[in-house]
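Summary of structural features
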Amino acid sequence: MISTNAYVLLSAILFTIGVVGVLVRRNVIVMFMSVELMLNSANLALIAFSRARAESDGQIITFFVIAVAAAEVAVGLALLVSIFRAKKTTNVDDVNTLKG
Amino acid sequence: METFLFITTAIVAVGAALAMVLSSNAVHSALFLILNFCSVAILYFLLRAPFLGAVQVTVYAGAIMVLFLFVIMLLGAENAELGEEKIGWQKPAGLVLGVALLAEIGYVAYRGTKLIDAPVADATNIGAPTTISAKLFSTYLLPFEVISILLLIAVVGTVVLTRRRVVAREERQS
């Protein structure tokens, strides 16, 4: 069977790709998708630890993370739509009204 | 067999994640993210979490990504990044910070506490829907109820955020 270390390593790689996506991309929807990727990699690590400890608590936490992510996506995309209506852009560099 | 399946799925997952970050079209990004979520669901099945694998496919790869695709199509934001970069050093700085983070996580995972490997024979049914639901409705009942309230608030918030301008316009007209 695959060791927990392999899953944690894969989870770390996916998390880093998500972080780089948030830092590098300027399209706010793609940045949002990178956040989803990070949540997903954390879920993978949680389930790997859940198997390593032979307890289902990690899987229940993953269930909650998925539910919170669903709520976050609903509100976040609604915010994006209203920002797009006001600014006509989805590039985060163009949304700089607070910039002094 | 399990090793082969893990390695193949892991390569697909990492490749899809990289393609998601690198592709310039947001619709392609969303489709690659769906591929990544499906391969992670396969990993959940490998980790003996069939319930969460199914939830991953239906909720994440199904519902959430459909919402993403819908919003991208609605706003027409596939190519939002064409044109020149406003802050030139942003991309190299992001890459350097990402590599630093990966090195850090790798070091912690390598030097950290020794991870235990499961007695799999005892652990075969920890991910079964019956086990999950039994715990969800006893030990984790309060968080479960809070989640339902949170989802309700999210629905109300979404409606408020997207309806406000229409309501304002109607008030101005009357």
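Computed from a prediction, not measured in an experiment: that's the story for all the values here.

Here is what the cut-offs are and how they apply
One numbering rule holds for all chains: residues counted from 1, following each sequence as written. Here the convention is simple: chains get letters from A, ligands get numbers from 1, in the order in which they are written. Side-chain atom pairs in this predicted model are given and counted only at pLDDT of 80 or more, local residue features only at pLDDT of at least 70, and totals for whole chains, interfaces and linings cover all residues. To get the side-chain values, take all heavy atoms of the structure and skip hydrogens and water. Here a helix means four or more residues in a row that DSSP labels H or I, a strand means two or more in a row labelled E, and each is numbered from the N terminus. Remark: exposure states derive from per-residue accessible area (1.4 Å probe, protein chains only) relative to the maximum for the residue type, with buried under 20%, exposed over 50%, and partly exposed in between. None of His or the chain ends enter the tally, which takes Lys and Arg as positive and Asp and Glu as negative. For charged residues, the charge sits on one atom: NZ in Lys, CZ in Arg, CG in Asp, CD in Glu. UniProt positions are given in the numbering used here, feature names are shortened, and annotations may be inferred rather than shown by experiment. Angles here are taken between N-to-C directions and fall from 0 to 180 degrees, while the axes themselves are lines fitted to C-alpha atoms, restricted in helices to the stretch in contact. Roughly parallel refers to an angle under 35 degrees, roughly antiparallel to one over 145, roughly perpendicular to one between 65 and 115, and oblique to any angle outside these ranges. Should the near helix be turned anticlockwise from the far one by less than a right angle, the crossing is left-handed, and should it be turned clockwise, the crossing is right-handed. We call two residues in contact whenever any of their non-hydrogen atoms come within 4.5 Å of each other. Ten residue types, Ala, Val, Leu, Ile, Met, Phe, Trp, Tyr, Cys and Pro, are classed as nonpolar, four, Asp, Glu, Lys and Arg, as charged, and the remainder, Gly among them, as polar. Planes of paired rings set the category: under 30 degrees apart is stacked, over 60 is edge-to-face and the rest tilted, where pairs are Phe, Tyr or Trp rings (Trp by its six-membered ring) whose centres lie within 6.5 Å. Note on definitions: buried area is the accessible-area loss of two parts on being combined, 1.4 Å probe, summed for both. By definition here, a salt bridge exists when the distance from a side-chain nitrogen of Lys or Arg to a carboxyl oxygen of Asp or Glu is within 4 Å.

The subject of this paragraph is the overall build of chain A. For chain A, the count of helices and strands is 3 helices and 0 strands. For chain A, the succession of helices and strands along the chain, N to C, is α-α-α. Counting only C-alpha atoms and orienting by the principal axes, one finds that chain A spans roughly 50 × 25 × 20 Å. When the 100 residues of chain A are sorted by exposure, 60% land in the buried category. Of the side-chain charges in chain A, 8 are positive and 6 negative, and the distance between the mean point of each set is 9 Å.

Residues and elements named next belong to chain B. In the numbering used here, UniProt assigns the "transmembrane region" (unreviewed entry) feature to residues 29-47, 59-77 and 140-162. Helix makes up 95% of residues 29-47 and strand 0%, whereas the separation of the span's terminal C-alpha atoms amounts to 27 Å. Within residues 59-77, the helical portion is 89% and the strand portion 0%, while the C-alpha atoms at the span's ends are 23 Å from each other.

Here the focus is the packing of helix H1 (residues 4-24) of chain A against helix H2 (residues 26-46) of chain B. Relative to each other, H1(A) and H2(B) sit at 165°, their axes nearing to 13 Å. As far as their axial angle goes, H2(B) and H1(A) are roughly antiparallel. The chirality of how H1(A) crosses H2(B) is left-handed. Here H1(A) contributes Tyr7(A), Leu10(A) and Leu14(A) to the contact with H2(B), which in turn contributes Asn36(B), Val40(B), Leu43(B) and Leu46(B). In terms of residue class, the contact of H1(A) with H2(B) is built from 6 nonpolar, 1 polar and no charged.

Scanning the model with the defined rule gives 7 aromatic pairs over all chains in all. Measuring from centroid to centroid gives 5.5 Å for Phe32(A) and Phe68(B), while their planes differ by 80°, and the two rings are edge-to-face. Separated into two different chains, Phe32(A) in helix H2 (residues 28-53) and Phe68(B) in helix H3 (residues 50-75) make up a pair that spans both. Overall, the relative accessible area of 12% leaves Phe32(A) in the buried class. What links up through ring pairs into an aromatic cluster is the set Phe63(A), Phe64(A), Phe51(B) and Tyr140(B).

This next bit is on the interface of chain A and chain B. Contact with chain A, which involves 70 residues of that partner, is made by 80 residues of chain B. Taking both sides of the interface into account, the surface hidden between chain A and chain B amounts to around 7,100 Å²; carbon and sulfur atoms contribute 75%. Linking chain A to chain B there are 2 salt bridges. With a closest N to O distance of 3.8 Å, Lys135(B) and Glu55(A) form a salt bridge. Taken together, the elements giving at least two residues each to the side of chain A that touches chain B come down to H1, H2 and helix H3 (57-87) of chain A. Ranked by residues supplied to the side of chain A that touches chain B, first place goes to H3(A) with 23 residues.

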